[in-house]
Amino acid sequence: MTVCAVNLSSMITMNLTFRRFKTQCRVIHALLLRETRTRFDRNKLGYLWALFEPVTYVLALYAVFAAIGRPSPIGSELDLALFFLTGLIPWFLFAHTASKTMEGINSNKALLTYPQVTAFDVLVARAILELVTIIIVFVLLLLIFGYFGFTHRIDNFLELASAFFTIWLLGLAMGFLNSSIKLYLPSFNQTYSAIQRFLFFTSGIFFTAEMLPPNIREIALYNPILHGIEWFRSAFFHSYESYHLDKSFLFSIVLITLALGLAAEHKSRKRARQL
Amino acid sequence: MIEFQNVTKSYPLSSGRQYILRDFSFQFPEGKNLGILGKNGSGKSTMLRLIAGSEYPDNGDILREGKLSWPLGFSGGFSPNLTGEENLRFICRIYDANIPYVSEYVKDFAELGDFFYEPIRNYSNGMKSRLAFGLSMAIDFEVILVDEILGVGDSSFRKKCTEHFKKKSEESSIIMVSHEMNTIRNFCESILLFDKGGITVFDDVEEAITAYGNL
């Protein structure tokens, strides 16, 4: 009799959990459609900007390196433009996911009046939109590069996808953490953009870890995004293997940031709704 | 089903914390319309927001089953940069409601004309409340929350609101805050009375109204 009662109550709990999960999927789906609308349809330039931002960076870096006559950092097979592209795409994946997710609560405050919409859903929807956008941008740019003769065969697709996903997770975790900090410190934006600028210059977008002087490299290798980009390039280029890539260091940082970010979101949920 | 389990809710004031609920447990009677009475500032609207889930308690749990509306006429949940139609689609999606049906109903009800396809930021306050009101009538909420407002707009639109609300109240249950004793008499079957000393539950509406008059 008791066993039966326990089973019944656990079945009810399971049913409830399943329904909540379904509601949450519905909410995230609705948020995704809504975010896509505001980001791209409202603002037709949004499409172009998503594509032009990395292109302008590649061109600018290319122009500078060509002007000072620096050869491509990795072997001769590679073209400089592809080298920069494979640094910039993972960088933007991290940086945009982190900053868009960070602003999620501010730009969607009205939606938090609906009880089924939580800060978690809003942030996850933003991060997913960023992931999809960068994947599309990356594929389009490879096609455009291919059209201009920079054809390239991706060395290890599975590794490339894993690196991509890991970097995205780091951006998402960072965004969760930052959005919670921002609820208590509204001026955190300035601090974070200073941190992000520092990361930009130490992430290996326009160099490889091998090219750094050993004493500087030792410090730069504490930047997890440098590992992410090294991993991304090792998977992209057949001729490039990184001697300095430490995946377990990268995973540890991602897991720690993710745990902190999720905990911070959970702790600050009430506050997100009050502001 | 709505149930409060040991719920505490307070606000920090310069004179100290003001408690609205202290370790309050209550199971809302299913299928019964409930009125909330109390003096100004006793926490009625906060209670409604706690029920709606747009505010969290300090402590304790609030269990909710089924679809609950936002307070009738409340338009704070719209995104100003999206059109009325886009907001409607979003709300239908999160409440699992039929988009074509709700669109037709709201277009007919809210009298927005071409404004339906304009961003909400171009709306007047009246337009926003008409849209919000129409939506709460069109979606099959099991519980409708009312914070004083039973109708919006001019007097003929108000009349239309009341008619739709009456029809709606036959299939949904209502939880309402009101200072109009006649509205309370018309719709409610039990009462929660907020007093400085705490909350009293009445199953007899007249008895509750007398007690409220004696506060």
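Looking at an unreviewed UniProt entry, one finds chain A named Transport permease protein and attributed to uncultured Thiotrichaceae bacterium. What UniProt records for chain A under Sequence similarities (unreviewed entry) is the sentence "Belongs to the ABC-2 integral membrane protein family."

1. Re the overall build of chain B
From N to C terminus, chain B includes seven helices and eight strands. Radius of gyration (C-alpha) of chain B: 18 Å, near the 17 Å computed for a compact globule of 215 residues. Its C-alpha atoms put chain B at 50 × 35 × 30 Å along the principal axes. Excluding contacts between residues fewer than 6 apart, the proportion of contacts in chain B whose partners are at least 24 apart in sequence is 65%. Carbon and sulfur atoms form 44% of the exposed surface of chain B, whose accessible area is close to 10,100 Å². In chain B, 23 positive and 30 negative side-chain charges are present, and the distance between their average locations comes to 5 Å.

2. As for helix α7 (residues 188-202) of chain A
All names here are of chain A. An ideal rise of 1.5 Å per residue puts 21 Å on 15 residues; α7 measures up with 21 Å between its terminal C-alpha atoms. Taken residue by residue, α7 has Phe188, Tyr192, Gln196, Leu199, Phe200 and Thr202 as its buried positions. In this structure, the buried residues of α7 make contact with α2 (45-67), α3 (80-102), α6 (157-184), α8 (214-220) and α9 (224-236). Two residues or fewer past α7, glycine 204 is found with a positive phi of approximately 80°.

3. Some points on the side chain of A:Glu230
All names here are of chain A. Mapping glutamate 230 onto the fold places it in helix α9. Despite its burial, glutamate 230 pairs with no opposite charge; the closest candidate is arginine 233, at 5.1 Å N-O. When residues no more than four places from it in sequence are discounted, the contact partners of glutamate 230 are Thr208, Ala209, Tyr240, Ser242 and Leu245.

4. Concerning the interface of chain B and chain A
With 24 residues of chain B at the interface, the matching set in chain A holds 24 residues. Interface area, chain B with chain A, both sides summed: about 2,200 Å², of which 57% is carbon and sulfur. Considering only the side of chain B, the residues that lose the most area to chain A are B:Tyr56, B:Phe90 and B:Ile94, jointly responsible for 30% of the buried surface there. Viewed at the interface, chain A and chain B are joined by three salt bridges. Linking B:Glu86 and A:Arg37 is a salt bridge whose minimum nitrogen-to-oxygen distance equals 2.7 Å. With six residues, the top contributor of residues to the side of chain B that touches chain A is helix α2 (residues 84-95) of chain B. Partitioning the side of chain B that touches chain A into residue classes produces 11 nonpolar, seven polar and six charged.

Each value, and the rule that gives it
- Residues numbered from 1 in each chain as written.
- Chains lettered and ligands numbered in written order.
- Predicted model: local features only at pLDDT ≥ 70, side-chain atom pairs only at ≥ 80, totals over all residues.
- Heavy atoms only, no water.
- UniProt positions renumbered as here; feature names shortened; annotations may be inferred.
- Helix = DSSP H or I, 4+ residues; strand = E, 2+ residues; numbered from the N terminus.
- Rg over C-alpha atoms; globule rule 2.2 N^0.38 Å.
- Contact = heavy atoms within 4.5 Å.
- Areas by Shrake-Rupley, 256 points an atom, 1.4 Å probe, with all protein chains shown as cover.
- Lys, Arg positive; Asp, Glu negative; His and termini not counted.
- Charge placed at Lys NZ, Arg CZ, Asp CG, Glu CD.
- Expected span 1.5 Å × (residues − 1).
- Buried < 20%, exposed > 50% of the residue type's maximum accessible area, 1.4 Å probe, protein only.
- Salt bridge = Lys/Arg side-chain N within 4 Å of Asp/Glu carboxyl O.
- Buried area = accessible area lost by both parts, 1.4 Å probe.
- Nonpolar A, V, L, I, M, F, W, Y, C, P; charged D, E, K, R; others polar.

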